[in-house]
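The lines below spell out each chain.
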Amino acid sequence: MDVIPCGPGFGAELRGITLSDVVSDDDAYAAVRAAFEEHSVLVLRDQDVSDDVQLAFSRRFGQPEVTKVGTQGTGTYFVVLTTIGPDGTVVPPDHRMALRAKANQLWHTDSSFKRIPALASILSARIIPEHGGETEFVSTRLAFERLAPDIQQQLESSYAWHDYAHSRGQIAPDLASPEERAALPAQCWRLVWRNPANGRGALYIASHAYAIEGMEPSTGKALIEELTAVATAPGSSYLHQWRMGDVVMWDNRATMHRGRPWPAPEPRLMVRTTISASESDGLASMHPPFGQAAE
């Protein structure tokens, strides 16, 4: 397997290996897992992708999430990200499916709003538009390491609240349904996630983050915005230009990402599997020293 760096200090393309290799061979899995811990974003091109192969590959890294209520693929292990309606045509821009796609264009990390947050996401391209529709990544690990040591220390003892309805509310007030709000109460996590494999810390922030525990709302909001600006500074991102057969895997503990827009009439269909974080992935250190009841 060749590891080819592709981003500004993070991200790598893996060549000479397939999803099926990782499924069937322990050495192949170990090599990809090591690259994942080191590079945070992995690109595998020219893959023969099916739902079964993607799920088997995903299971190598941990327990797949069951897709939440209100999302295409609910009750399965697959999140279907598309603007193609049930009749096979592209939905209009004001359709809920299109608005959800727009919400994914906010900087975020997957599942920070869940009781068990995500270790990794694996996204495969099934139908891609002719123009746009890229996925952009930044390293919150490198962002954390750019901060002054005293700020790092302060953030390591701070906690942020994350809420799915908060991020969706930035697009439309009712984009998060009552069922989603009931199923996804706010969650609180440490602001810095340390990787137990290498000891490196990363900012754990997202568009889902809305408050800092113990801070006045305006002060906490300003801190989240400031940290997001540090992480997404010009020149710090990797923009993935999708090709058919691409699979991209990323570490939700150490990155943020966002979808990029594409012409509304052009179809796009992507399938994501998401791996829940475990205690061995550093989850134990992320819990706040108080109950999880929302403020």
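Residues numbered from 1 in each chain as written. Predicted model: local features only at pLDDT ≥ 70, side-chain atom pairs only at ≥ 80, totals over all residues. Heavy atoms only, no water.

A. Broad picture of the overall build of the protein chain. Helices and strands together make up the secondary structure of the protein chain, namely nine helices and 15 strands. A compact globule built from 295 residues should have a C-alpha radius of gyration of about 19 Å, and the protein chain, at 18 Å, falls within 12% of that. Along the longest, intermediate and shortest principal axes, the C-alpha atoms of the protein chain span 50 × 45 × 35 Å. Within the protein chain, the fraction of its 295 residues that count as buried is 53%. Summed over all atoms, the accessible surface of the protein chain reaches about 12500 Å², with 55% contributed by carbon and sulfur. Each charge class in the protein chain was averaged separately, 26 positive and 36 negative side chains, and the resulting centres sit 2 Å apart. (Helix = DSSP H or I, 4+ residues; strand = E, 2+ residues; numbered from the N terminus. Rg over C-alpha atoms; globule rule 2.2 N^0.38 Å. Buried < 20%, exposed > 50% of the residue type's maximum accessible area, 1.4 Å probe, protein only. Areas by Shrake-Rupley, 256 points an atom, 1.4 Å probe, with all protein chains shown as cover. Lys, Arg positive; Asp, Glu negative; His and termini not counted. Charge placed at Lys NZ, Arg CZ, Asp CG, Glu CD.)

B. Quick look at the sheet that holds strand 6 (residues 135–139). Spatially, three strands are ordered 12-6-14 in an open sheet, and the strand pairing comes out antiparallel. Looking along the sheet, the strands with just one partner apiece sit at the ends: strand 12 (237–240) and strand 14 (255–259). Going across the sheet, the axis of each strand differs from the next one's by a mean of 20°, ignoring polarity. Direction of pairing for strand 6 relative to strand 14: antiparallel, over a ladder of five bridges. Bridging from a neighbouring strand, Thr-135 pairs with Gly-259 of strand 14. (Pairing = 2+ DSSP bridges. Axes fitted to C-alpha atoms, helices over the stretch in contact; angles between N-to-C directions.)

C. Looking closely at the side chain of Ser-111. Structurally, the position occupied by Ser-111 is in the loop between helix 4 (96–103) and strand 5 (118–127). Not counting chain neighbours up to four residues away, the residues in contact with Ser-111 comprise Glu-65, Ile-116, Pro-117, Ala-118 and Thr-274. (Contact = heavy atoms within 4.5 Å.)

D. How the structure looks around the environment of Ala-28. You can see Ala-28 is positioned in helix 2 (residues 26–39). Sequence spacing of Ala-28 and Asp-246 is 218 residues, and the spatial spacing of their C-alpha atoms is 18 Å. With residues up to four places along the chain from it excluded, the contact list for Ala-28 reads Ile-17, Asp-21 and Val-22.

E. Unusual backbone geometry, seen in detail. Positive phi outside glycine occurs at Ser-40, with the angle close to 75°. Among the secondary structure elements, Ser-40 is positioned in the loop between helix 2 and strand 3 (41–44). Residue class for Ser-40 comes out buried when judged on its relative accessible area of 1%. Its identity as a non-glycine residue notwithstanding, Asp-46 has a phi of 55°, on the positive side. With respect to the helices and strands, the residue Asp-46 is situated in the loop between strand 3 and helix 3 (51–59).

F. Just the packing of aromatic side chains, in detail. As enumerated under the stated definition, the model contains nine aromatic pairs in all. Taken together, a centroid distance of 6.4 Å and an interplanar angle of 15° make the contact between Phe-137 and Tyr-238 stacked. Taken together, the positions of Phe-137 in strand 6 and Tyr-238 in strand 12 put the pair 101 residues apart, joining distant regions of the chain. Here the two residues Phe-137 and Tyr-238 agree in accessibility, since each one is buried. Taking the centre distance of 5.1 Å and the plane angle of 70° together, the rings of Trp-193 and Tyr-204 count as edge-to-face. With Trp-193 in strand 9 (residues 192–194) and Tyr-204 in the loop between strand 10 (201–203) and strand 11 (209–212), the pair connects residues that are eleven residues apart, well separated along the chain. (Phe/Tyr/Trp six-rings, centres within 6.5 Å; stacked < 30°, edge-to-face > 60°.)

G. Geometry of the environment of Gly-75. Checked against the element boundaries, Gly-75 lands in the loop between helix 3 and strand 4 (79–82). Separated by 107 residues in the primary sequence, Gly-75 and Ala-182 have C-alpha atoms spaced 16 Å apart. Leaving out residues up to four positions away in the same chain, Gly-75 has contacts with Val-66 and Thr-67.

Note that every value here comes from positions in space, so none of it alone points to a role or purpose.
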